[in-house]
Amino acid sequence: MNITHLILRRLGIGVATVFIVSLLVFVGTEILPGDIAHAILGQGATPELVANIRARLGLDDPAHIRYFRWLGNLITGDLGTSLANGGSIADDIRERAGNTFMLSGITALIAVPLSLLLGLIASTRPGGIVDRIISSTTLALISVPDFLIAVLLVMFFSVYMGWLPSISSLRGGEDIFKIVRALTLPVITLVFTVLAHMTRMTRTAVLNVLASPAIEMAFLKGVPKWRIILLHALPNAIAPIINVIALNLAYLISGIVVIETMFNYTGLGRLMVQGVITRDIPLVQACAMIFCSIYILLNMSADIISIVANPRIRHPK
Amino acid sequence: MTTETKKSAILDLYEDLTPTAILCIFCLVAIVFVSVFAPFIAPFDEAEIISDESFLSAGDESLILGSDYLGRDMLSRIFYGTRVTVYISVTIATLAFFVGSMFGFLAATLGGIYDATLSRVVDALIAFPSIMLAMILVTALGPSIPVLIITIAFIDSTRVYRVARALAMDIIVQDYIEVAKVRGEGYGWIMWHEILPNAFAPLAAEFGIRFTYAILFISALSFLGLGVQPPHADLGALVRENMQGLLYGTGAPIYPALCIAMITISVNLIVDWFLKRSDASLPDEF
């Protein structure tokens, strides 16, 4: 199989997955039929009003027709109106998506290089004192809930020291200084959670490569250790490491939801949590589709990069 | 197995104990004790308002960990919260474990179309960030404890399925399975008597990992306000409801969070120790 064929196939699987996910999102939120009408009306739901709303929203149509209408609207960018405030969901999301991308982008920029470095350092001398410190610290970090890290940071930096705000809501129009101050604690918390997973996985990936016969050969030839790691092991570990990075950026999604809520950050994650609490079904559907699509996109790019990075596929016999 | 070999196995286990493992086991025993006997050892009832002042610091008015945002005893709240967290997580891990490993073994044993179908379904579910699935179901069905348990167990079982299937795939190609098949044993017998004992050590470790995952997941949901609802509280909900206390400089939101960390770190370290000791490893998950 040649390389374009493989990539096209992976792209196809990606698109199919998005469809399956959209089906799950739709079915998941529509398990209770007619609930939307009740949700809009709340206490004042008389049978006539419910019937009215159901007719207006087209809820009486069969499920598959509603699904395709919803999907069609979604693809054309019409995300519907919020049940909670009647506003356009697309506007709400546009307002907040930038903030969420800023938060996750900065986190990724810091966490990715740092964890690769730590993973490489740990793998140079497995079982050594540095490796033991890195491994046990990251194991501890993986085990603790992300809000514990956040609470401890707030306790120290906001309450005792008074250096940084404990609430990071951005309403737009802040100057750069204020934005940096608001982002510092959420970014540090997220870096900690992502860093731990990514460092451990990088270490495992590099150690796996180091165990291969080619590397043993280099050792026996007398190549210095740093050269082996940088020039022999690292190129071969690129595919698994890229995979690690993509998987961990996917981890960020659950981290983002918790941390945005914790710091009252005006982002998509908190918007979605508010949507769940007020049972704003269209809003939750839209947010879930955005988060899931990004997750699938990241996983798909990881697979495609490993296909491209694999010399056996690039140069078929 | 004769009693003699059994005895020596326990003795081996005892000799292999490292100081870290002893500490972790001690922590877990304490946690189990607290969750089982919470109503007897808690100094006050979880709902009883003890003090007029909210967010008393630890030690004030002889409340060991101070009071919460309504003036209830924090220590008693934590005892009860630990109980809720542990009960829910154990149920989730057990459910996920049975469903996941049963289907995993089935897929590996039956192979062919069954394996392909099950694995595709699981692939599709894993392509779904679990927090999204949970949030969608909570939106549709509301945050009730049974819904949460079934949702998270369902999400978790897909991970267990992958591990169990990968383990069983390695076992199913062994000669003794072939022998058992030729002997005329049924699939159920093979799964129970051949695959399960051989996959037991890594699966036990996986159970520990699923348990910590369940704790972190249910705590995160409760922290977001989508999990256990007042008047009950698990450890995550305790952190959430006492967040304001941070501004008053009390540790009220920190104690329950540390409690979660204590459970999860202990379990993870024991799993690590157990895997090293039994020289088993889990199939790569990434």
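**Side note on the overall build of chain A**
Looking only at helices and strands, one finds 13 helices and 0 strands in chain A. Mapped in sequence order, the helices and strands of chain A form the string α-α-α-α-α-α-α-α-α-α-α-α-α. Scored against the burial criterion, the 317 residues of chain A give a buried share of 46%. The contacts in chain A between residues at least 6 apart in sequence include a share of 72% that link residues at least 24 apart. A total of about 15,600 Å² of accessible surface is found on chain A, and carbon and sulfur atoms cover 67% of it.

**Considering the side chain of Thr264(B)**
Assignment of secondary structure puts Thr264(B) in helix 11 (residues 254-278). Judged by relative accessible area, which is 0%, Thr264(B) ranks as buried. Within the structure, the side chain of Thr264(B) is placed 2.6 Å from the backbone oxygen of Ser143(A), a separation counted as a polar contact. Contact partners of Thr264(B), with chain neighbours within four places excluded, come to Ser143(A), Val144(A), Thr212(B), Ile215(B) and Leu216(B).

**Section: unusual backbone geometry**
At Asn264(A), a residue that is not glycine, the phi angle is positive and equals roughly 55°. Since its relative accessible area comes to 28%, Asn264(A) is described here as partly exposed.

**What to know about the packing of helix 7 (residues 146-160) of chain A against helix 8 (residues 176-210) of chain A**
Residue and element names in this part refer to chain A. Axis separation between helix 7 and helix 8 bottoms out at 9 Å; the angle between their running directions is 140°. Considering their axes alone, helix 7 and helix 8 lie oblique with respect to each other. The way helix 7 lies across helix 8 gives a crossing that is right-handed. Only Leu185, Ile188, Thr189, Phe192 and Thr193 of helix 8 make contact with helix 7, whose side of the interface consists of Asp146, Ile149, Ala150, Leu153, Val154, Phe157 and Ser158.

**Thoughts on the packing of helix 9 (residues 200-224) of chain B against helix 11 of chain B**
Residues and elements named next belong to chain B. Two numbers describe how helix 9 lies on helix 11: the axes approach to 9 Å, and their chain directions differ by 165°. When the axis of helix 9 is compared with that of helix 11, the two are roughly antiparallel. Helix 9 and helix 11 meet at a crossing whose hand is left-handed. Here Ala201, Ala204, Ala205, Gly208, Ile209, Phe211, Thr212, Ile215, Leu216 and Ser219 of helix 9 lie close against helix 11, whose contacting residues are Ile260, Ile263, Thr264, Val267, Asn268, Val271, Phe274, Leu275 and Ser278. Class assignment of the residues belonging to the contact of helix 9 with helix 11 gives a composition of 13 nonpolar, 6 polar and no charged.

**Details of the confidence of the model for chain B**
When pLDDT drops low, the exact placement of atoms in the prediction is not to be read closely. All names here are of chain B. For chain B, per-residue confidence averages 81 on the pLDDT scale, and residues scoring 70 or more make up 88% of the total. Here helix 1 (residues 3-16) stands out as the least confident element of chain B, with mean pLDDT 62; helix 3 (residues 74-110) is the most confident, with 89. For this predicted complex, the interface score ipTM comes out at 0.79, while the overall pTM is 0.83.

**Focus: helix 1 (residues 3-29) of chain A**
Across its 27 residues, helix 1 of chain A extends 39 Å between first and last C-alpha, which sits within 8% of the 39 Å expected from 1.5 Å per residue. Here helix 1 of chain A has its buried residues at Leu6(A), Arg10(A), Gly14(A), Thr17(A), Val21(A), Ser22(A), Val25(A), Phe26(A), Gly28(A) and Thr29(A).

**Quick notes on a nonpolar patch on the surface**
Residues and elements named next belong to chain B. Taken together, the side chains of Val32, Phe33, Val36, Phe37, Phe40, Ile41 and Tyr87 present a nonpolar region at the surface, about 670 Å² in accessible area. By residue number, the principal contributor to the nonpolar patch is helix 2 (residues 19-41), which donates 6 residues. When you line up the elements, Val36 lands in helix 2. In this structure Val36 comes out as partly exposed when scored by relative accessible area, which is 38%.

About the criteria used
- Residues numbered from 1 in each chain as written.
- Chains lettered and ligands numbered in written order.
- Predicted model: local features only at pLDDT ≥ 70, side-chain atom pairs only at ≥ 80, totals over all residues.
- Heavy atoms only, no water.
- Helix = DSSP H or I, 4+ residues; strand = E, 2+ residues; numbered from the N terminus.
- Buried < 20%, exposed > 50% of the residue type's maximum accessible area, 1.4 Å probe, protein only.
- Contact = heavy atoms within 4.5 Å.
- Areas by Shrake-Rupley, 256 points an atom, 1.4 Å probe, with all protein chains shown as cover.
- Polar contact = N/O pair within 3.5 Å; in protein donor to acceptor, adjacent residues only side chain to side chain.
- Axes fitted to C-alpha atoms, helices over the stretch in contact; angles between N-to-C directions.
- Parallel < 35°, antiparallel > 145°, perpendicular 65-115°, else oblique.
- Left-handed = near helix turned anticlockwise from the far one by under 90°.
- Nonpolar A, V, L, I, M, F, W, Y, C, P; charged D, E, K, R; others polar.
- pLDDT = per-residue confidence, 0-100.
- Expected span 1.5 Å × (residues − 1).
- Patch = residues over 30% accessible without salt bridge, like charges linked within 9 Å, V, L, I, M, F, W, Y side chains within 5 Å.
- Salt bridge = Lys/Arg side-chain N within 4 Å of Asp/Glu carboxyl O.

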